[in-house]
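# Descriptive analysis of the structure
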2 protein chains.
Amino acid sequence: MIPEGHFTVEPWAVREPKLDLELLGETESIFALSNGHIGWRGNFEEGEPHQIAGSYLNAVYEQIRLPIAESAYGYPEAGQTIVNVTDGKIIRLLVDDEPFDVRYGKVHSHERVLDLKAGVLERTVTWESPAHRTVRIHSTRFVSLVHRGLAIIRYEVEPLDGSADLVLQSELVANVPASTRRENDPRTAEIVESPFEAELNDKFERGAVLVNCTKKSRLRVAAAMSHEVHGPRGTQTETFTGSDFARFTVATTAKPGQRLVLHKVVSYGWSSFRSVETMRDQVEGELASAYTHGFDGLLTAQRRFLADFWKRADVQLDGDDELQQAVRFSMFHVLQAAARAEQRAIPAKGLTGPGYDGHTFWDTECFVLPFLTYTYPGCVADVLRWRHSILDGARKRAGDLGMKGAAFPWRTIHGEEGSGYWPASVAAVHVNADIADAVVRYTSATGDRRFDREVGAEMLIETARLWASVGHHDRTGAFRIDGVTGPDEYSALHDNNVYTNLMAQQNLDCGADAAERHRDVARRLKVSAAEIKSWRRAAANMYVPYEPELRIHKQASQFTDHEPWDFEHTRSDQYPLFLHFPYFELYRKQVIKQADLVLAMHLRGDAFTPDEKARNFAYYEALTVRDSSLSACTQAVIAAEVGHLQLAHDYLGETALMDLRDLEHNVREGIHMAALAGAWLAVAHGFGCMRHHGDFLSFAPRLPPALQKVTFRVTFLGRTIRVSFDARRVTYALERGRPIAFHHYDEMIKLSRARAVSRRLPVLKKLREPKQPAGRAPARRVSAARPKELRPTSSPRSRPLLSTSRPPSRRRPSKRSPAPASARRRRGPSPPSTRAG
Amino acid sequence: MIPEGHFTVEPWAVREPKLDLELLGETESIFALSNGHIGWRGNFEEGEPHQIAGSYLNAVYEQIRLPIAESAYGYPEAGQTIVNVTDGKIIRLLVDDEPFDVRYGKVHSHERVLDLKAGVLERTVTWESPAHRTVRIHSTRFVSLVHRGLAIIRYEVEPLDGSADLVLQSELVANVPASTRRENDPRTAEIVESPFEAELNDKFERGAVLVNCTKKSRLRVAAAMSHEVHGPRGTQTETFTGSDFARFTVATTAKPGQRLVLHKVVSYGWSSFRSVETMRDQVEGELASAYTHGFDGLLTAQRRFLADFWKRADVQLDGDDELQQAVRFSMFHVLQAAARAEQRAIPAKGLTGPGYDGHTFWDTECFVLPFLTYTYPGCVADVLRWRHSILDGARKRAGDLGMKGAAFPWRTIHGEEGSGYWPASVAAVHVNADIADAVVRYTSATGDRRFDREVGAEMLIETARLWASVGHHDRTGAFRIDGVTGPDEYSALHDNNVYTNLMAQQNLDCGADAAERHRDVARRLKVSAAEIKSWRRAAANMYVPYEPELRIHKQASQFTDHEPWDFEHTRSDQYPLFLHFPYFELYRKQVIKQADLVLAMHLRGDAFTPDEKARNFAYYEALTVRDSSLSACTQAVIAAEVGHLQLAHDYLGETALMDLRDLEHNVREGIHMAALAGAWLAVAHGFGCMRHHGDFLSFAPRLPPALQKVTFRVTFLGRTIRVSFDARRVTYALERGRPIAFHHYDEMIKLSRARAVSRRLPVLKKLREPKQPAGRAPARRVSAARPKELRPTSSPRSRPLLSTSRPPSRRRPSKRSPAPASARRRRGPSPPSTRAG
């Protein structure tokens with residue numbers, strides 16, 4: 001947990017006004033910078049202290065042994081883990097021979113600011129050395145979103161109270177030792193010590209280059225640095241290189257008022273087949289490009305890039321400043337992870353930490369790409385082209401598993417399956433339909449026909465093939481998919497998981513559509529007419545289990561027969577349950593880690609009636625403990641759709657604050673990219689009730705009681721649509737592109753740049769709010785519009801906030817009530833409610 | 001596979017008339033000797049060549065790391081594996097300085113005989129050294145069934161064609177290197193190199209002692225040897241010891257007609273807490289005891305022990321000499337594994353090899369103990385007392401898993417769970433009901449009240465408690481047990497596995513009975529009246545899934561909805577399936593590794609009607625591939641009960657020949673103890689249709705067409721009942737004990753020693769023979785009563801045999817026919833048949 005108030009609330013920045021070494025690992029992730037190719041954790045320039053030193057290049061991994069106690073056919077033989085590449089962040093400082101280290105001397109002030117408009121991390125420190133010399137240090141750091149291979153630091157030191165000898169040591173270091181890690185948490189990464197062997201080190205005028213190669217995966221990493229120095233007269237520099245490191249030293253004596261300024265540009269590149277010399281040339285060439293722009297030019301380009309993004313994608317939340325900040329922070333991090341990934345995967349943690357070994361999972365396609373599809377679609381095509389690049393491996397994997405078509409890996413960096421626990425990986429075959437969904441969504445939202453022909457069609461066809469071989473028609477003709485694992489990781493190997501079946505149904509139909517749309521592709525893949533017909537038949541007869549007595553859909557055939565989890569006797573310190581109960585117990589009971597049937601109602605909302613959605617939501621809400629970060633956003637979306645707007649707001653708070661408040665207790669291992677992407681989904685798909693089924697877009701906005709106004713933007717078929725609504729009216733404005741039609745509730749609206757369209761919002765039916773498992777209600781977000789005297793007074797800031805009456809754990813200990821008594825009192829008595837349906 | 005004819009067929013011996021080094025590993029297991037405390041594989045005295053050198057002491061294990069790729073709560077942190085203890089078998093021979101090694105020089109003859117009446121392994125070799133000196137070597141070896149700590153070898157050498165210098169080196173060797181093993185077969189053992197550290201070595205008159213301790217598990221093993229030498233005048237001896245070995249050397253010169261004879265007695269002991277000195281004294285004391293009896297006295301005691309066993313337990317099969325031999329071989333091996341285990345477990349491989357790491361599984365209780373309960377019940381109490389000794393650990397394990405009562409480990413040596421794959425271990429919670437079944441069976445079959453009070457009641461109560469917490473009453477009141485794995489390892493995590501539910505039902509009722517029978521025990525365990533009532537209620541409402549459309553019981557709730565396995569397109573070289581298909585595929589389909597519902601019909605036969613049994617058997621027979629050794633015997637039992645007597649005979653053949661023919665291709669790792677115990681079950685519970693439900697015994701004998709007569713004996717409540725029947729009549733004779741009553745079919749028979757009772761056997765309804773999966777029919781056993789000219793002529797022996805037309809694989813390639821065309825022709829056209837029910 002990160003305590004409330006650790007960061008100040010500002011609309012366009014995340015500011016940490018003072019240092020807390022207890023939260024070092026957490027802030028290393030939160031202040032991580034990336035462009036999808038390079039990732040630098042928010043480590044201090046001086047290198048220490050750190051919790052996890054991290055410099056990453058997308059897809060640079062080392063092969064590891066996957067330990068298996070009882071092996072069986074089809075288990076992966078090797079794993080992959082992200083490695084810490086050459087660290088270019090290091091700039092050590094000596095003040096009168098005393099090394100600058102926040103653990104020594106006295107830190108008078110220490111501020112870090114992540115500027116969401118500039119895309120830079122600034123740090124300002126006033127430090128008194130153990131010998132009582134005080135200096136002011138200011139660094140500005142960014143990973144260029146424009147120049148894919150570059151990361152830049154401006155480092156400035158100024159003595160405040162007397163003349164000082166200043167030495168800067170700017171370094172490149174390979175094989176930086178991994179940190180100590182917590183044990184026994186399956187989400188932490190394997191540690192590979194010294195993954196690199198040295199291949200080349202050389203120096204040049206004010207700079208140096210290192211080339212290293214991973215020992216087993218044989219990936220060659222080159223890093224170069226060059227410097228510009230502004231300092232008092234007499235400032236001297238020197239360059240030195242060794243096999244695993246290079247150092248550029250600056251030495252000077254400065255008086256108060258004099259500043260020593262160092263501009264450091266680091267360039268990175270890697271390749272699995274290019275030679276040492278080529279790689280050296282590449283990174284030195286990148287440096288040359290940086291020279292032509294200069295520090296200010298690079299910074300300006302960075303600002304311009306982000307300005308363009310925010311113009312197309314910004315979200316405004318009037319009435320909840322904390323979430324306003326959190327949503328922009330979320331969008332910034334996802335953008336960073338994706339912007340220049342360029343046909344590489346987006347890992348679950350982006351390039352912000354080693355969590356989950358740097359692997360990519362299904363949530364890229366199900367959470368990250370939907371956000372990007374409607375805000376920054378260009379990079380979606382790239383991620384899906386990466387998936388396409390591993391299609392041959394997926395075909396082979398399907399064959400090895402005894403199936404047809406393509407079976408994509410559950411977790412991977414390079415394309416091979418990297419999971420050591422098959423009931424939650426191989427069996428979670430839904431990943432293939434998730435990828436197909438992302439393909440269909442992207443193609444439909446962009447009209448990118450070239451992508452469709454070159455990439456999309458083949459992926460849809462091969463995944464449709466997979467489903468036809470995974471499922472079967474039973475005696476009644478229904479198409480069943482047995483023994484699979486859905487999104488909820490507290491169930492496994494169930495039959496007819498509704499999410500999986502509905503996603504497969506869409507996949508089968510879209511595969512058939514693609515084969516008919518691209519006869520040449522179908523011919524090349526030897527798709528017969530009978531095969532297409534079999535996909536249509538399977539889709540048309542897809543079995544969707546329903547429990548008539550309870551009038552709800554079953555998460556899977558056997559789910560509702562199981563014993564409900566005993567929430568009443570589960571202590572709050574027993575969450576997350578998977579760290580305190582065996583899967584044997586979890587799988588046998590009605591307890592849900594993360595939205596599953598509810599996610600089906602989001603992504604396949606067209607398959608449910610409004611009444612079914614309301615009843616299903618109420619039933620599953622009472623069983624969902626949200627031990628995964630991939631739940632709150634989906635619950636926000638469906639809560640909003642069925643009419644629980646306060647709850648939707650609460651869940652938006654949970655997903656958007658996932659990392660700024662460290663709600664999952666593991667942000668030190670990296671940012672939860674999908675949960676943060678889910679913040680945008682909670683706003684647009686939740687409050688905006690935006691849906692995109694088939695090729696058509698629709699909105700049905702609804703404002704939560706604690707907000708005054710919501711604005712979001714959607715990129716669709718080259719247009720930018722701005723949706724802005726308060727409690728009574730919505731205004732649609734076309735900010736870019738030719739006229740477009742979409743649904744507003746049941747009305748078809750045609751929108752052109754000439755004129756915004758405004759509509760009065762319908763009044764939604766009041767529903768009884770559903771209950772969460774005992775003690776698992778989300779923190780209630782309080783309305784800023786309430787009279788001031790009713791707001792908690794313990795906080796110095798008068799802004800909406802999480803309830804301050806909660807214990808240190810993120811869950812309140814209350815047993816049954818959906819909100820603490822104080823919050824309920826504040827909201828007054830419940831209005832009369834009718835249950836939907 | 002071991003080819004037919006490798007062993008000659010004899011009623012009381014397994015004779016290998018010539019050496020085949022290709023089958024060295026297999027014969028090391030088949031010729032292994034044990035008494036349940038000591039196990040010696042059939043390695044040559046000269047030590048090499050060997051496939052797996054093996055000397056074992058029951059429960060001497062080393063702790064190993066259990067590698068887990070993705071750990072989770074409740075996974076075991078350490079494993080255990082059986083280790084090769086001090087090898088006392090070694091007697092090396094030099095002939096004129098040439099070491100005797102069957103790979104050098106020329107082996108003129110090499111015969112090994114396992115004598116099932118004497119309990120000894122004899123070996124006779126005529127060997128010509130590379131220097132052309134020919135000697136005759138004769139060894140006689142046994143592990144004493146009477147003296148628990150002793151193993152004995154008589155070794156004799158005689159030059160045949162000229163005078164020879166003979167040297168014998170009799171040794172004790174610790175840390176004998178493990179053999180190379182096959183990779184990627186989950187059934188093979190972990191290798192621990194050099195598990196021991198040396199603690200003491202010392203020599204004495206014609207002998208020596210070694211004490212060693214395992215490095216991690218800290219088990220102290222002592223071994224001593226003493227010798228008696230008879231040789232030509234001038235024979236000299238010398239003793240030498242080193243830290244890991246001791247050697248007694250005998251040197252002489254012998255002429256033809258002169259023999260050098262060495263009697264070697266080896267004594268073993270181990271302890272987890274006794275001191276080095278105590279352990280030394282213990283094994284030297286055992287040697288002193290051996291002196292007083294002498295080699296002949298020890299051998300006589302061994303014969304007497306076995307004569308007593310065979311008198312009580314022998315089975316006669318007239319008409320199938322090969323199975324006559326195989327059944328006695330089977331019974332001998334199980335007896336060896338159990339006789340002196342004395343409150344230690346009986347591992348799945350006994351002490352014959354390192355397979356399954358030397359672990360004990362549920363099959364001890366479900367297969368081995370039922371055989372022993374009715375033939376040699378004393379050691380059953382011991383095995384169950386071992387289970388009782390680990391009850392505290394099982395209680396703790398249940399608590400760790402979030403359950404009540406006791407949860408016994410799926411696989412263990414010392415008591416801790418040793419499985420690295422929970423869906424087939426933790427989830428196979430039926431092991432607890434299996435143990436309870438063995439407790440109830442033993443108590444009822446022996447009337448051992450002291451055991452019931454001291455051991456049985458507590459185990460029944462704690463396992464009943466487990467079931468009450470594992471299951472739950474659903475909305476209809478039915479008691480469900482969800483998400484468990486039954487005996488069939490090609491399904492996992494299913495709901496309401498019928499076997500599990502019925503065994504749990506019995507366990508709950510027996511737990512309630514025990515609590516009511518032993519109020520003091522119940523009070524001590526804090527069993528309330530409400531708790532007993534809840535057990536009764538759960539048992540009375542136990543849910544047993546039935547499929548009304550197919551009119552069969554479902555193996556588990558979801559089983560019959562799954563897609564049937566595509567047997568037609570499964571090649572014969574893809575068996576066993578688990579080495580060629582992922583569990584993901586196997587679990588999702590209707591394919592059965594081993595009897596599951598059919599085992600329920602055996603152990604809980606009282607819960608099914610005869611018609612249900614017939615229909616169920618036919619349905620599941622078509623899905624059962626027998627990739628486990630734990631299947632054929634159960635199929636034999638139920639095939640016989642429902643009237644498929646030829647098939648029952650075939651399955652008896654498969655289970656009894658499991659190891660003599662190496663049908664599972666892994667006998668080199670050790671004997672399949674449960675399958676061999678199953679041979680007796682196939683005869684007595686199959687052909688004899690003996691059942692023991694509640695406290696009552698019943699028989700309903702029925703003779704397979706290819707046999708002339710079957711005789712078996714049953715020990716029950718201190719009596720020995722001999723059951724002997726041909727196709728038309730059965731005769732019951734009481735060979736020991738007071739009069740007793742039992743059922744013969746529907747008739748109550750009272751039997752006394754005064755008079756045997758004879759009854760005419762009813763004619764059974766003819767049934768259509770069920771089909772097995774394509775290519776998976778068992779080998780048909782041919783009637784010896786058929787005209788001679790129709791029997792295959794390729795074999796030199798005119799005795800019943802396995803079809804000789806089969807390919808090298810144990811399964812015939814035919815697709816659908818239950819027997820090869822040749823076999824069917826021999827039997828003539830099928831008789832008119834009616835389907836039962």
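For the structure, see preceding data.
Residues numbered from 1 in each chain as written. Chains lettered and ligands numbered in written order. Predicted model: local features only at pLDDT ≥ 70, side-chain atom pairs only at ≥ 80, totals over all residues. Heavy atoms only, no water.

## Some thoughts on the overall build of chain A
Summing up its helical and strand segments, chain A has 18 helices and 35 strands in all. Scaling as 2.2 N^0.38, a compact globule of 837 residues should have a C-alpha radius of gyration of about 28 Å, and chain A matches this with 27 Å. Counting across all 837 residues of chain A, residues that qualify as buried make up 66%. Taking contacts inside chain A between residues at least 6 apart in sequence as the whole, the part at least 24 apart equals 68%. One finds the centroid of the 112 positive side-chain charges in chain A at a distance of 7 Å from the centroid of its 103 negative side-chain charges. (Helix = DSSP H or I, 4+ residues; strand = E, 2+ residues; numbered from the N terminus. Rg over C-alpha atoms; globule rule 2.2 N^0.38 Å. Buried < 20%, exposed > 50% of the residue type's maximum accessible area, 1.4 Å probe, protein only. Contact = heavy atoms within 4.5 Å. Lys, Arg positive; Asp, Glu negative; His and termini not counted. Charge placed at Lys NZ, Arg CZ, Asp CG, Glu CD.)

## Focus: the pairing of strand E7 (residues 78–82) of chain B
All names here are of chain B. Most of E7 is tucked away: four of the five residues are buried. The pairing of strand E6 (residues 61–65) with E7 spans five bridges and is classified as antiparallel. Bridge pairing links Arg-65 to Ala-78 in E7. (Pairing = 2+ DSSP bridges.)

## A short note on the sheet that holds strand E3 (residues 33–34) of chain B
Residue and element names in this part refer to chain B. If you trace the three strands from one edge of the open sheet to the other, you get E3-E4-E5, paired in antiparallel fashion. In this open sheet, the two edge strands, each paired with only one partner strand, are E3 and strand E5 (55–57). Sheet topology note: the strand E4 (residues 38–40)/E5 ladder contains three bridges and is antiparallel. Residue Trp-40 lies in a different strand from E5, and its bridge partner there is Ser-55.

## Brief notes about the relation of the copies chain A and chain B
Superposition of the two copies of the chain requires a rotation about an axis together with a shift along that axis. Mapping chain A onto chain B calls for a screw motion: a turn of 180° about the axis and a shift of 0.0 Å along it, with 0.0 Å RMSD after fitting. Here the symmetry operator amounts to a two-fold rotation axis. Both copies present the same face, since 100% of the interface residues in chain A are matched by interface residues at the equivalent positions in chain B. (Least-squares fit on C-alpha atoms with pLDDT ≥ 70 in both.)

## A closer look at the interface of chain A and chain B
Taken together, the 54 residues of chain A in the interface contact 54 residues of chain B. Across the chain A/chain B interface, buried area totals approximately 4400 Å², and carbon plus sulfur atoms make up 55% of it. At the junction of chain A and chain B, the tally comes to six salt bridges. One salt bridge connects A:Glu549 with B:Arg475, and the closest N-O pair in it is separated by 3.4 Å. In this assembly, chain A and chain B are joined by 16 residue pairs in polar contact (both at pLDDT 80 or more). If you list the elements that add at least two residues to the side of chain A that touches chain B, you get helix H8 (449–470) and helix H12 (583–587) of chain A. For the side of chain A that touches chain B, the leading source of residues is H12(A), giving four residues. Split into classes, the residues belonging to the side of chain A that touches chain B amount to 27 nonpolar, 13 polar and 14 charged. (Buried area = accessible area lost by both parts, 1.4 Å probe. Salt bridge = Lys/Arg side-chain N within 4 Å of Asp/Glu carboxyl O. Polar contact = N/O pair within 3.5 Å; in protein donor to acceptor, adjacent residues only side chain to side chain. Nonpolar A, V, L, I, M, F, W, Y, C, P; charged D, E, K, R; others polar.)

## Focus: the packing of aromatic side chains
Summed over the entire model, instances satisfying the criterion amount to 56 aromatic pairs over all chains. With centroids separated by 5.9 Å and ring planes inclined at 40°, the aromatic side chains of A:Phe559 and A:Tyr620 adopt a geometry described as tilted. Of the two residues, A:Phe559 is situated in the loop between strand E25 (552–553) and strand E26 (563–564) and A:Tyr620 in helix H14 (residues 610–621); the sequence distance between them amounts to 61 residues. A:Tyr620 shares its class with A:Phe559; the two are buried. Their ring planes at 20° and their centres at 6.2 Å tell us that B:Tyr374 and B:Trp680 sit as a pair that is stacked. Residue B:Tyr374 is found in the loop between helix H4 (363–373) and helix H5 (378–389), and its partner B:Trp680 is found in helix H17 (residues 673–687); the two are separated by 306 residues along the sequence. Here the aromatic cluster, defined as three or more aromatic residues joined through ring pairs, consists of A:Tyr356, A:Phe361, A:Trp362, A:Phe367, A:Trp410 and A:Tyr499. The cationic tip of A:Arg328 hangs over the ring face of A:Trp12; the distance from NZ or CZ to the ring centre is 3.7 Å. Its guanidinium or amino end placed over the ring of B:Tyr575, B:Arg776 lies 3.6 Å from that ring's centre, counting from NZ or CZ. (Phe/Tyr/Trp six-rings, centres within 6.5 Å; stacked < 30°, edge-to-face > 60°. Lys NZ or Arg CZ within 6 Å of the ring centre and 35° of its normal.)

## Considering the side chain of B:Glu171
Residue and element names in this part refer to chain B. By the secondary structure assignment, Glu-171 is in strand E14 (residues 164–173). Among the polar contacts listed, one links the side chain of Glu-171 to the side chain of Arg-92, at a separation of 3.5 Å. In terms of polar contacts, Glu-171 uses its side chain to reach the side chain of Arg-247, at 3.0 Å. With residues up to four places along the chain from it excluded, the contact list for Glu-171 reads Asp-87, Gly-88, Ile-90, Arg-92, Met-225, Phe-245, Ala-246, Arg-247 and Lys-264.

## Side note on the environment of B:Arg626
Residues and elements named next belong to chain B. Relative to the assigned elements, Arg-626 resides in the loop between helix H14 (610–621) and helix H15 (632–642). Residue Arg-626 is classed as buried on the basis of its relative accessible area, which comes to 0%. Engagement of the side chain of Arg-626 in a polar contact is seen with the backbone oxygen of Arg-776, the distance being 2.9 Å.

## What about unusual backbone geometry?
Of all residues except glycine, most have a negative phi; of all peptide bonds, most are trans. Geometrically, the link from A:Tyr575 to A:Pro576 is a cis peptide bond, its omega value of -5° lying close to zero. Relative to the helices and strands, A:Pro576 is located in the loop between E26 and H12. Across the junction of B:Glu48 and B:Pro49, the peptide omega takes the value -5°, indicating a cis bond. By the secondary structure assignment, B:Pro49 is in the loop between E4 and E5. A positive phi angle is found at A:Asp96, which is not glycine, with a value near 50°. As for its placement among the helices and strands, A:Asp96 is situated in the loop between strand E8 (91–95) and strand E9 (98–99).

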